[in-house]
Amino acid sequence: MGIKTTKDYVKFYINLEMQNSVSFLSFINNEKMVLKRKLENKNSDKDPILNGIRILEELVEEMKKSDEQSVLEKYSE
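Parameters and conventions
Residues numbered from 1 in each chain as written. Predicted model: local features only at pLDDT ≥ 70, side-chain atom pairs only at ≥ 80, totals over all residues. Heavy atoms only, no water. Helix = DSSP H or I, 4+ residues; strand = E, 2+ residues; numbered from the N terminus. Buried < 20%, exposed > 50% of the residue type's maximum accessible area, 1.4 Å probe, protein only. Lys, Arg positive; Asp, Glu negative; His and termini not counted. Salt bridge = Lys/Arg side-chain N within 4 Å of Asp/Glu carboxyl O. Contact = heavy atoms within 4.5 Å. Axes fitted to C-alpha atoms, helices over the stretch in contact; angles between N-to-C directions. Parallel < 35°, antiparallel > 145°, perpendicular 65-115°, else oblique. Left-handed = near helix turned anticlockwise from the far one by under 90°. Nonpolar A, V, L, I, M, F, W, Y, C, P; charged D, E, K, R; others polar. Core = buried A, V, L, I, M, F, W, Y, C linked by side-chain atoms within 4.5 Å. Polar contact = N/O pair within 3.5 Å; in protein donor to acceptor, adjacent residues only side chain to side chain.

Peer 1: Just to check I follow, could you spell out the side chain of Glu31 for this structure?
Peer 2: The topology assignment puts Glu31 in helix H2 (residues 24-39). Put simply, Glu31 is tucked away with no salt bridge, and the nearest opposite charge, on Lys38, sits 7.2 Å away. Beyond its immediate stretch of four places on either side in the chain, Glu31 contacts Tyr9, Phe12 and Leu56.

Peer 1: What am I meant to see in the packing of helix H1 (residues 6-15) against helix H4 (residues 68-76) here?
Peer 2: Any two packed helices are characterised by how steeply their axes cross, that is the angle between the axes, and by the distance between the axes. Two elements in contact, H1 and H4, have axes whose closest approach is 9 Å; the angle formed by their N-to-C orientations is 110°. On the basis of their axis angle, the class for H1 and H4 is roughly perpendicular. Helix-helix and strand crossings are classified by hand; for H1 and H4 the assignment is left-handed. Only Glu68, Leu72, Tyr75 and Ser76 of H4 make contact with H1, whose side of the interface consists of Thr6, Lys7, Val10, Tyr13 and Ile14. Here the contact of H1 with H4 is built from residues that sort into 5 nonpolar, 2 polar and 2 charged.

Peer 1: Help me understand the nonpolar core, please; the structure alone is not making it clear to me.
Peer 2: Note on soluble globular proteins: their nonpolar side chains tend to be buried together. One finds Tyr9, Phe24, Ile28 and Leu59 to be the most contacted residues of the largest nonpolar core, which totals 18 residues. Contributing elements (two or more residues each) for this core: H1, H2, helix H3 (46-65) and H4. Broken down by element, this core gets its largest block of residues, 7 residues, from H3. Not counting residues up to four positions away in its chain, the partners in contact with Ile28 are Leu56, Leu59, Val60 and Met63.

Peer 1: Could you clarify how one ought to interpret the environment of Leu39 in this entry?
Peer 2: Mapped onto the fold, Leu39 is located in helix H2. In contact with Leu39, not counting residues within four places along its chain, are Lys46, Ile49, Leu50 and Ile53.

Peer 1: Sorry, what's going on with the environment of Lys64 here?
Peer 2: Within the element layout of this structure, Lys64 appears in helix H3. The class for Lys64 is exposed, based on a relative accessible area of 61%. Lys64 sits 12 residues away from Ser76 along the chain, and the two C-alpha atoms are 18 Å apart. Engagement of the side chain of Lys64 in a polar contact is seen with the side chain of Glu61, the distance being 3.2 Å.

Printed below as a string of C-alpha coordinates:
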(Lines give C-alpha, C1' and ligand atoms only; values in the text may rest on other atoms or scores of the structure.)
Protein backbone atom coordinates (compact mmCIF):
# COMPACT_ATOMS: atom_id res chain seq x y z
CA MET A 1 0.00 0.00 0.00
CA GLY A 2 1.58 3.25 -1.15
CA ILE A 3 -0.54 5.65 0.91
CA LYS A 4 1.06 6.22 4.28
CA THR A 5 -0.01 9.69 5.41
CA THR A 6 -3.04 11.95 5.58
CA LYS A 7 -1.50 14.16 2.89
CA ASP A 8 -1.16 11.11 0.64
CA TYR A 9 -4.89 10.36 0.92
CA VAL A 10 -5.85 13.95 0.17
CA LYS A 11 -3.44 14.10 -2.76
CA PHE A 12 -4.79 10.81 -4.10
CA TYR A 13 -8.38 12.09 -3.90
CA ILE A 14 -7.53 15.41 -5.54
CA ASN A 15 -5.53 13.73 -8.31
CA LEU A 16 -8.52 11.52 -9.14
CA GLU A 17 -10.31 14.76 -10.05
CA MET A 18 -13.68 13.60 -8.80
CA GLN A 19 -14.49 16.38 -6.34
CA ASN A 20 -17.51 17.41 -8.43
CA SER A 21 -19.03 13.93 -8.42
CA VAL A 22 -17.88 12.22 -5.20
CA SER A 23 -17.54 13.94 -1.83
CA PHE A 24 -14.38 13.44 0.16
CA LEU A 25 -16.40 11.76 2.92
CA SER A 26 -17.84 9.24 0.44
CA PHE A 27 -14.36 8.60 -0.90
CA ILE A 28 -13.07 7.99 2.64
CA ASN A 29 -15.92 5.61 3.47
CA ASN A 30 -15.30 3.67 0.27
CA GLU A 31 -11.58 3.45 0.96
CA LYS A 32 -12.26 2.14 4.47
CA MET A 33 -14.49 -0.60 3.06
CA VAL A 34 -11.79 -1.61 0.58
CA LEU A 35 -9.14 -1.72 3.30
CA LYS A 36 -11.35 -3.73 5.64
CA ARG A 37 -11.85 -6.29 2.88
CA LYS A 38 -8.09 -6.46 2.39
CA LEU A 39 -7.72 -7.27 6.10
CA GLU A 40 -9.62 -10.50 5.44
CA ASN A 41 -6.83 -11.68 3.13
CA LYS A 42 -4.57 -13.86 5.26
CA ASN A 43 -1.55 -13.19 3.05
CA SER A 44 -1.67 -9.38 3.41
CA ASP A 45 0.63 -7.34 5.61
CA LYS A 46 -1.90 -6.02 8.12
CA ASP A 47 0.07 -3.08 9.55
CA PRO A 48 -0.11 -0.78 6.49
CA ILE A 49 -3.81 -1.60 6.08
CA LEU A 50 -4.57 -0.83 9.72
CA ASN A 51 -2.57 2.40 9.42
CA GLY A 52 -4.65 3.40 6.39
CA ILE A 53 -7.89 2.74 8.27
CA ARG A 54 -6.63 4.78 11.22
CA ILE A 55 -5.76 7.72 8.96
CA LEU A 56 -9.16 7.59 7.29
CA GLU A 57 -10.94 7.52 10.65
CA GLU A 58 -8.90 10.53 11.79
CA LEU A 59 -9.95 12.39 8.64
CA VAL A 60 -13.62 11.65 9.37
CA GLU A 61 -13.21 12.97 12.92
CA GLU A 62 -11.49 16.08 11.63
CA MET A 63 -14.30 16.71 9.15
CA LYS A 64 -16.82 16.50 11.99
CA LYS A 65 -15.09 19.52 13.56
CA SER A 66 -14.75 21.53 10.35
CA ASP A 67 -15.94 21.28 6.78
CA GLU A 68 -14.64 19.08 4.00
CA GLN A 69 -13.07 21.92 2.04
CA SER A 70 -11.06 23.08 5.07
CA VAL A 71 -9.65 19.62 5.58
CA LEU A 72 -8.76 19.30 1.90
CA GLU A 73 -7.02 22.67 1.92
CA LYS A 74 -5.14 21.88 5.14
CA TYR A 75 -3.58 18.69 3.76
CA SER A 76 -3.15 19.65 0.12
CA GLU A 77 -0.54 22.30 0.86
